[in-house]
Amino acid sequence: MALTASITPVQILNQSANILSTYITNYGLNSINCDAYWWLTNESGVTLYQDSWIVPQEVLAIWGTDDTVIIDALAEAKGFTIISIITGEL
């Protein structure tokens, strides 16, 4: 399941993206490696941008059971401002 947040709108190719979503694509058994896929959509649900992100060790260290740590760290790393969490489970 994806973790989704409403964000302050950002311009992507002359369109406004206001939803940030992510999910974990790889989480090593040794808890050292973690990759996430993320994408930006507009209000109609059209994907305007997508990419992958290697979750930093310092984020993994505080992750625990609060999945919003992942999307908060992603938003900060990419320069997005979260308005509210829409779905909160990875």
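See the structure printed just above.
Note that this is a predicted model, so its numbers are computed, not measured. (Residues numbered from 1 in each chain as written. Predicted model: local features only at pLDDT ≥ 70, side-chain atom pairs only at ≥ 80, totals over all residues. Heavy atoms only, no water.)

Caption draft 1: The overall build of the protein chain, seen in detail. Regarding its fold elements, the protein chain presents two helices and five strands. Scanning the protein chain from its N terminus toward the C terminus, one meets helices and strands in the order β-β-β-β-α-α-β. The globule rule puts the C-alpha radius of gyration for 90 residues at 12 Å, and the 13 Å found for the protein chain is close to it. Reported as C-alpha extents along the three principal axes, the dimensions of the protein chain are approximately 40 × 20 × 20 Å. Burial analysis of the protein chain (90 residues in total) assigns 40% to the buried set. (Helix = DSSP H or I, 4+ residues; strand = E, 2+ residues; numbered from the N terminus. Rg over C-alpha atoms; globule rule 2.2 N^0.38 Å. Buried < 20%, exposed > 50% of the residue type's maximum accessible area, 1.4 Å probe, protein only.)

Caption draft 2: Representation of the sheet that holds strand S1 (residues 3-12). Across the sheet, which stays open at both edges, the five strands sit in the order S4-S3-S2-S1-S5 with antiparallel pairing between neighbours. Looking at which strands have only one partner, the edges of the open sheet turn out to be strand S4 (47-54) and strand S5 (82-87). Neighbour-to-neighbour, the strand axes of this sheet turn through a mean angle of 30°, independent of strand direction. (Pairing = 2+ DSSP bridges. Axes fitted to C-alpha atoms, helices over the stretch in contact; angles between N-to-C directions.)

Caption draft 3: Fine view of the nonpolar core. Ranked by size, the top nonpolar core spans 24 residues in total, and within it Val10, Leu20, Trp38, Leu40, Trp53, Val55 and Phe80 carry the most contacts. The set of elements that each furnish at least two residues to this core consists of S1, strand S2 (15-27), strand S3 (34-41), S4, helix H1 (57-63) and helix H2 (68-78). Residue contributions to this core peak at six residues, all from H2. Discounting residues that sit within four places of it in the chain, Val10 has contacts with Gln15, Ser16, Ala17, Leu40 and Phe80. (Core = buried A, V, L, I, M, F, W, Y, C linked by side-chain atoms within 4.5 Å. Contact = heavy atoms within 4.5 Å.)

Caption draft 4: Focus on the side chain of Asn42. Mapping Asn42 onto the fold places it in the loop between S3 and S4. Judged by its relative accessible area of 13%, Asn42 is buried. A polar side-chain atom of Asn42 sits 2.9 Å from the main-chain amide nitrogen of Ser44. For Asn42, the contacting residues outside a window of four places in its chain are Gln15, Ser16, Ala17, Asn18, Ile19 and Leu48. (Polar contact = N/O pair within 3.5 Å; in protein donor to acceptor, adjacent residues only side chain to side chain.)

Caption draft 5: Structural context of unusual backbone geometry. Residue Leu13 is not a glycine yet carries a positive backbone phi of 50°. Following the sequence through the fold, Leu13 ends up in the loop between S1 and S2. One non-glycine residue, Asn14, lies in positive phi territory at about 65°. With respect to the element layout, Asn14 can be found in the loop between S1 and S2. Take Asn14: its relative accessible area is 79%, and that puts it in the exposed class.

Caption draft 6: Region of the structure containing the environment of Ala75. Here Ala75 lies in helix H2. Taking C-alpha positions, Ala75 is 8.7 Å from Ile7, a pair spaced 68 residues apart along the chain. With sequence-adjacent residues up to four places away left out, Ala75 is seen in contact with Leu20, Phe80 and Ile82.

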